[in-house]
Amino acid sequence: MTQPDLPDYAIIAEGLEKTYAGSKKREPKQALKGIDLKVRRGSIFGLLGPNGAGKSTFINILAGLTNKTGGSASIWGHDIATASRQARASIGVVPQEINMDVFFTPFETLELMAGFYGVPKGERRSDELLEVMGLADKRNAYVRQLSGGMKRRLLIAKALVHNPPVLVLDEPTAGVDIELRRQLWEYVVKLNGLGVTIVLTTHYLEEAQELCDDIAIIDQGRVVASEPKHSLLRRLDRKTLIIEAETELSAVPSGFEELDAQLRDGALTITYRAGQTSVGDLIARFNESGQRIRDLRTEEPDLEDVFLALTYNSGQAATQEAKAAR
Ligand SMILES: Nc1ncnc2c1ncn2[C@@H]1O[C@H](COP(=O)(O)OP(=O)(O)OP(=O)(O)O)[C@@H](O)[C@H]1O
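Residues numbered from 1 in each chain as written. Predicted model: local features only at pLDDT ≥ 70, side-chain atom pairs only at ≥ 80, totals over all residues.

An unreviewed UniProt entry annotates the chain as ABC transporter ATP-binding protein originating from Glycocaulis albus.

Description of the overall build of the chain
Filter applied, for reference: Helical segments are the DSSP runs of H or I of at least four residues, strand segments are the runs of E of at least two, and each set is numbered from the N terminus. To sort residues by burial, count the other C-beta atoms lying within 10 Å of each one's C-beta; a count of 20 or more means buried, 12 or fewer means exposed, and anything in between means partly exposed. C-beta atoms are built from the backbone. Here, residues touch in the contact sense if the C-beta positions derived from the backbone fall within 7 Å of one another.
Scanning the chain for helices and strands turns up 10 helices and 14 strands. A principal-axis box enclosing the C-alpha atoms of the chain has dimensions of 80 × 50 × 45 Å. Put simply, the chain has 326 residues, and 35% of those count as buried. When contacts within the chain are restricted to residue pairs at least 6 apart in sequence, those whose partners lie at least 24 apart make up 68%.

A word on the domain arrangement of the chain
Many structure descriptions define interface size as the accessible area lost when the parts assemble. Heads up, the condition is: Domain delimitation follows an automatic or database domain assignment.
Annotation of the chain at the domain level lists domain 1 (9-90 + 164-234), domain 2 (103-158) and domain 3 (237-299). The C-alpha centroid of domain 3 is placed 41 Å from the C-alpha centroid of domain 1.

Brief notes about the packing of helix α3 (residues 106-116) against helix α5 (residues 148-159)
Cut-off, in case you're wondering: Each axis is a line fitted through C-alpha atoms, taken for helices only over the stretch in contact, and angles between the N-to-C directions span 0 to 180 degrees. In these notes the angle categories are as follows: under 35 degrees is roughly parallel, over 145 is roughly antiparallel, 65 to 115 is roughly perpendicular, and the rest is oblique. Here a crossing is called left-handed whenever its near helix is offset anticlockwise from the far helix by less than a right angle, and right-handed whenever the offset is clockwise. Three residue categories are used. Nonpolar comprises Ala, Val, Leu, Ile, Met, Phe, Trp, Tyr, Cys and Pro, charged comprises Asp, Glu, Lys and Arg, and polar comprises the others, including Gly.
The contact between α3 and α5 brings their axes to 9 Å, and the two run at 25°. Here α3 is positioned roughly parallel relative to α5, judged by the angle of their axes. The two elements α3 and α5 meet at a crossing, and its hand is right-handed. For the pair formed by α3 and α5, the contact residues are P106, T109, L110 and M113 on the first element and L154, A157 and K158 on the second. Class assignment for the residues of the contact of α3 with α5 results in five nonpolar, one polar and one charged.

Thoughts on the pairing of strand β10 (residues 222-228)
Filter applied, for reference: What makes two strands pair is DSSP finding at least two bridges between them.
Sheet analysis places strand β9 (residues 214-219) next to β10, joined by six bridges and oriented antiparallel. Note on β10: the bridge partner recorded for I215 is E227. Taken together, β9 and the strand that follows it, β10, pair antiparallel across an intervening segment of two residues, in which Q220 is found at a positive phi of about 50°.

As for the site of the ligand
As a reminder, the rule being used: Near, for a residue, is defined by distance from a backbone-placed C-beta atom to a molecule or strand, with 6 Å as the limit that must not be exceeded.
Neighbouring residues of the ligand: Y20, K29, A31, G49, N51, G52, A53, G54, K55, S56 and T57. When residues of the shell around the ligand are traced back to their parent elements, those giving at least two are β2 (29-40) and α1 (55-63). When residues in the shell around the ligand are grouped by element, the largest group, three residues, is from α1. Here the shell around the ligand is composed, by residue class, of three nonpolar, six polar and two charged.

Thoughts on the sheet that holds strand β1 (residues 9-20)
Read from one edge of the open sheet, four strands run β2-β1-β4-β5, paired in antiparallel fashion. Since the sheet does not close on itself, it has two edges, and those belong to β2 and β5 (78-79), each with one partner. Two strands pair when backbone bridges link them, and strand β4 (residues 70-75) and β5 are joined in this way by two bridges, in the antiparallel orientation. Within the sheet, the bridge partner assigned to I75 lies in β5 and is H78.

Structure, rendered in structure tokens:
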């Protein structure tokens, strides 16, 4: 602990395991096979993984909705098994599905939820939350009159009524158009600025790349990476150089035989390891081929490349699905 009463990590999981019991028709399923994760206090933490990787299981265990079968986890320093009440009080979970009673106003919805959590009347902050989430002018509207984006923001406000320091968002922007997605990102960043530690699962890798400080990737119940975003992106020692020639190329010039070089839209596209080959060397080879350069640019790997490299086949399927959903 660096400050009195404030933990360095909002969430710590050590060797967390979950095996769903089998039935006559179904084999037992080991969904989590020893998850070690640390979420830094104050960070925006992205939890990524292909379908069935175990993300929901992990979140449900933290939220107290599913029991772990091994290992341990704590939220804000409270062990979920031995201090479950304090642990649960420290976390708000925004579910993927919009599940709200449409007959209440946003204000009533938040008051009801606060009552459910046992927040005394004098300590409720429904109006403050409506303000933070940009819903103050909808305070007394009926929920069924709210737009999809407003409903999602109300869901976030609902998860915050008991003032938890940690907010978990499960696929906050699934099926949401790009404009609304950006708007929701702004609110997430705003909450984080107010001191809330954010954990989000997402299928949109660009969402994680844009928003998150730290990223963990889980695959088949195991953590395959967990580190600051920038170091994760640097993991792939791979870059791409794209050279356009003065006169359009009809074939890969000589000198690039042992490299990963192809023609794409008439431009020479060379993928290389930055630690082994330099741009200068590649340009020199190109000049030696007798061609002249009209334009060149480089491309760095993005999170999608890293995700695919780390999750192999299951990642590929998930990314294609996410692309199809866009
Ligand atoms: N109640 C359950 N009983 C049996 N198996 C389950 C149960 N819930 C989940 N599983 C299995 O556990 C594994 C992990 O599922 P989980 O829902 O945690 O993955 P996920 O990463 O959240 O996937 P998605 O991105 O599709 O939501 C999957 O193989 C799933 O079929």
